[in-house]
Amino acid sequence: MPDSGGLLTVADLDVSIGGTPLLSEVAFTVDEGEVVGLVGESGSGKTLTGLTLMGLLPAAASVRGTVTFGGTDLTAAGPEELRRLRGNELSMIFQEPRASLHPARPIGKQIVDVVRAHEDVPKAAARERACDLLAQVGLPSPVRTMAAYTHELSGGMCQRIMIAMALVCGPRLLIADEPTTALDVTIQAQIVTLLRRMAADLGLSVLLISHNLGVVSELCSRVITMYCGQVVNIDRTDALLEQPRHPYPQALLQASDVDVEEGEWTAIDGTPADPATPPHGCRFHPRCPHRTDACEAAVPPLAATASGGLTRCVRHAELTLTGAAP
Amino acid sequence: MTALTATDTALRVEDLVVTYGRGHDRLRAVDGVSLEIPRGQTLGIIGESGSGKSTVAMAVAGLTPVTSGRIRLAPGGAALTDAPASIGRGGQVQMVFQDPMLALSPSLPIWKSIAEPLAPGWRGIPRRLKGTAVELLAEVGLAADMAERRPAQLSGGQRQRVTIARAVAARAPVVMCDEPVAALDVSLQAGVLALLDDVRAEHGLTYLFISHDMSSIARIADQVGVMYLGRLVEVGPVRRVLREPRHPYTQALISAIPRVSRRARRPNRMLLPGEIPDARRPPPGCRFRTRCRFAQERCAEETPVLDTSEPGHTTACHFWREIADRTPER
């Protein structure tokens, strides 16, 4: 596995909270300027991975493994260094933008706070930068928005503001955790377009955390799939859609690949496994239609696939799984 | 299509208006909605936040006062009569809400929540009802040994199954489903929708299914109504509306659905500009015109009504015939 060249390299990451193991051997890379999707059901560890990268875990968490970002090991960085990196070098936006903004402080002041926490610039210059960025993220009247409070703004506007705030110090990596899930579908399409444009204009790397493979396939060039606290599959988006190399992303694909005109839809059998008490061997095997005795015997390693990706399925070479509709 | 006789219709809403607030802040959340659902069928209502779709369900269930208009139900399969003004319309309407964690009492074992509609009043829920509750649990795919659990001990999908069991327990013929799968993982949504559909067929229920997600509506509904800013803009059979959407808003909604597709990005995708206007000050004329790429002068001057020239598929747009030739790629 390549351990250099990427902007972000996560290797052998184990995270447990209060003694409960929640992430196990998580490993992936994100390159400079790359938009990567991180998918999985609730409880698969997607958000926890994002929070680990940001150094935002609760005190009861213990972390093993390395997270190398631009040459710095984030797991070894002290609180001061993390504070400098967060916002400046890597930043994160969340599902519920309104909950991430201060309800009783005008939007403009909140963005200026971010700028001045990281850079020694006069207030007026910070305001100007905030205002420019609000225009860039497509808010119709940035000057008026600067003076507004969150309750006066819609969810879509709040998410645009969160994106502006996350980008105001010019980070190299944006972690976007379900940024469109709470939004209406027409607004979701606007935000997806905005994220794509901002990433391209700024040469930004994005780690997009989502359970919606539709959104991921429209934005990302590569997809990391997590199940029960493990990375089970990494592949280029087009390769994944053509022929998944692991039954779990295939099942996710089928669950989100709704033929709207026909109303056809497939569910995944069973419920997600609990990472505190994972099944033996392959963690997906109790729900997998292709399981054999070998699947229960041992945890499959992340192996290289014919498509150039990585998969945790022992049967990946013999199975030919169907992908998305052409 | 033959005209429906009164007994074929389970619910009819006539010119429903619901207003909230007063004075300057007064808004018409629902502004003249009429709809009809044949017995045993599902009508889906789709729209963005603020379109008034949930208010329609709340008004039908008697949970919010009706400003004007009529809500008519057919008790016991008889002719349509005006529904009583009480919550639940005298036991004829039930609700399944979006968030089962808020809809279930956190301190009651789930069998008691299910049995509660069977034990009216405040004298507690007698133990003898547990058998009935366990039967209902089995019907929604939950094991009998779960009966004593509290909601916090269940997963989101299991909790929603409990609220469905409770709606069935009440034996109301009409059920309002307000975004029942919106809070669930994509992988679980299909299972809960299939359950809702099975329960409807088994008990001959009639659903009004509210959602912002066209794929859920496509999965469960027979007919779909598209709402925008308090009004229905298109109503028709769900397959037909999805294949040949007429109203520009419906076209944009369908176009915006994120698709898993190997096809290159959809170049002709219709991206809707802006957001839904303030319902306190709706634009005069067609309410959608401020975001519509086909808008013309007439749209500001004259309010379009649902064109009933083709029975079964109605559209409130002056220019739907002209627009139909320019349907964007979906």
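Chains are numbered independently. Their residues run from 1 in the order of the written sequence. Note on labels: chains are lettered from A, ligands numbered from 1, in written order. Totals for whole chains, interfaces and linings use all residues, but because this is a predicted model, local features are given only for residues with pLDDT of at least 70 and pairs of side-chain atoms are given and counted only at 80 or more.

Undergrad: Explain the overall build of chain A to me, and be specific about the residues and the numbers.
TA: Runs of H or I in DSSP of at least four residues are treated as helices and runs of E of at least two as strands, each being numbered from the N terminus. In terms of helices and strands, chain A carries 12 helices and 12 strands. Here the globule rule is a power law, 2.2 Å times the number of residues to the power 0.38, and the radius of gyration is based on C-alpha atoms. For 326 residues, the compact-globule formula gives about 20 Å, and the C-alpha radius of gyration of chain A, at 20 Å, lands near that figure. Taking the principal axes of the C-alpha coordinates as reference, chain A spans close to 65 × 50 × 35 Å. The burial criterion counts other C-beta atoms lying within 10 Å of a residue's C-beta, which is placed from the backbone; the residue is buried at 20 or more, exposed at 12 or fewer, and partly exposed between these limits. Across the 326 residues that make up chain A, the buried fraction comes to 50%. Here the contact rule is simple: place C-beta atoms from the backbone, and any two residues whose C-beta atoms are within 7 Å are in contact. Residue pairs in contact within chain A that sit at least 24 positions apart in sequence constitute 64% of those at least 6 positions apart.

Undergrad: An account of the nonpolar core is requested, with residue identities and associated values reported.
TA: If you look at soluble globular proteins, the nonpolar side chains tend to sit buried side by side. Core membership is restricted to buried Ala, Val, Leu, Ile, Met, Phe, Trp, Tyr and Cys residues, and these are joined into a nonpolar core through C-beta atoms within 7 Å. Of all hydrophobic cores here, the largest spans 191 residues; its most connected members are Ala164(A), Leu208(A), Val60(B), Ile114(B) and Leu208(B). Among the elements that take part in this core, helix 7 (residues 155-167) of chain A stands out by supplying 9 residues, more than any other.

Undergrad: Hey, could you go over the interface of chain A and chain B for me, with residue numbers and the actual values?
TA: Taken together, the contacts link 39 residues of chain A with 31 residues of chain B. At the level of elements, helix 8 (185-202), helix 9 (213-219), helix 10 (237-242) and helix 11 (247-256) of chain A are the ones that each hand at least two residues to the side of chain A that touches chain B. In terms of residue count, helix 8 of chain A provides more of the side of chain A that touches chain B than any other element does, 7 residues in total. Residue polarity follows a fixed list, in which Ala, Val, Leu, Ile, Met, Phe, Trp, Tyr, Cys and Pro are nonpolar, Asp, Glu, Lys and Arg are charged, and the others, Gly among them, are polar. Residue composition of the side of chain A that touches chain B, by class: 17 nonpolar, 15 polar and 7 charged.

Undergrad: Provide a residue-level description of the packing of helix 4 (residues 107-118) of chain A against helix 5 (residues 123-136) of chain A, including the pertinent values.
TA: Residue and element names in this part refer to chain A. Whenever a helix is involved, its axis is fitted only over the stretch in contact; in every case the axis is a line through C-alpha atoms, and angles between N-to-C directions fall within 0 to 180 degrees. Where helix 4 contacts helix 5, the axes come no closer than 9 Å and their chain directions differ by 115°. In this structure, helix 4 meets helix 5 at a crossing whose hand is right-handed. Within the contact between the two elements, helix 4 uses Gly108, Ile111, Val112, Val115 and Arg116 and helix 5 uses Lys123, Ala126, Arg127, Arg129 and Ala130. Two helices cross in a left-handed way if the nearer one is turned anticlockwise from the farther one by less than a right angle. They cross in a right-handed way if the turn is clockwise.

Undergrad: Run through the sheet that holds strand 10 (residues 231-237) of chain B, naming residues and quoting values.
TA: Residue and element names in this part refer to chain B. Two strands pair under a simple rule: DSSP has to find at least two bridges between them. Strand order in the open sheet made by the 7 strands is 6-7-8-3-9-10-11, with mixed pairing throughout. The open sheet is flanked by strand 6 (93-96) and strand 11 (314-315), the only strands paired with a single partner. Of the strand pairs in this sheet, strand 9 (residues 223-228) and strand 10 are connected by 6 bridges, and their pairing is antiparallel. Note that in strand 10 the partner of Val224 across the bridge is Gly236. Strands in contact with helix 1 (residues 53-60) are strand 3 (42-46), strand 6, strand 7 (174-178), strand 8 (206-211) and strand 9; relative to strand 8, the strand with the most contacts, it is inclined by about 150°. Packing against the sheet, helix 9 (residues 248-255) makes contact with strand 3, strand 9 and strand 10, and its axis sits at approximately 105° to strand 9.

Undergrad: Describe in detail helix 8 of chain A, supporting the description with residues and values.
TA: Expected helix span is taken as 1.5 Å per residue step, with the number of steps being one fewer than the number of residues. Here helix 8 of chain A contains 18 residues, and its C-alpha end-to-end distance of 26 Å stays within 8% of the 26 Å for a straight helix at 1.5 Å per residue. Buried within helix 8 of chain A are the following residues: Val185(A), Thr186(A), Ile187(A), Gln188(A), Ala189(A), Gln190(A), Ile191(A), Val192(A), Leu195(A), Met198(A) and Ala199(A). Close packing links the buried residues of helix 8 of chain A with strand 3 (35-39), helix 7, strand 7 (173-177), strand 8 (205-210) and helix 9 of chain A together with helix 9 of chain B. Two residues or fewer past helix 8 of chain A, Gly203(A) is found with a positive phi of approximately 65°.

Undergrad: Residue-level account of the sheet that holds strand 2 (residues 20-30) of chain A, with values.
TA: Residue and element names in this part refer to chain A. One open sheet accounts for 4 strands, arranged 2-1-4-5; its pairing is antiparallel. The sheet is open, and its two edges are formed by strand 2 and strand 5 (72-73), each paired on a single side. Where strand 1 (residues 8-17) lies against strand 4 (residues 61-69), 8 bridges are found, and the strand directions are antiparallel. By the bridge assignment for strand 4, Thr9 is matched with Thr68. Across the sheet, helix 1 (residues 46-54) lies against strand 1, strand 2 and strand 4, angled at about 70° from strand 2, the strand it touches most.

Undergrad: Run through the pairing of strand 7 of chain B, naming residues and quoting values.
TA: Residues and elements named next belong to chain B. Most of strand 7 is tucked away: 5 of the 5 residues are buried. Burial along strand 7 is two-sided: Val174, Met176 and Asp178 facing one way and Val175 and Cys177 facing the other are all buried. As paired strands, strand 6 and strand 7 are joined by 4 bridges and run parallel to one another. Looking at the pairing, Val93 lines up with Val174 of strand 7. Bridge count between strand 7 and strand 8: 5 bridges; the pairing is parallel. What sits directly across from Met176, in strand 8, is Leu208.

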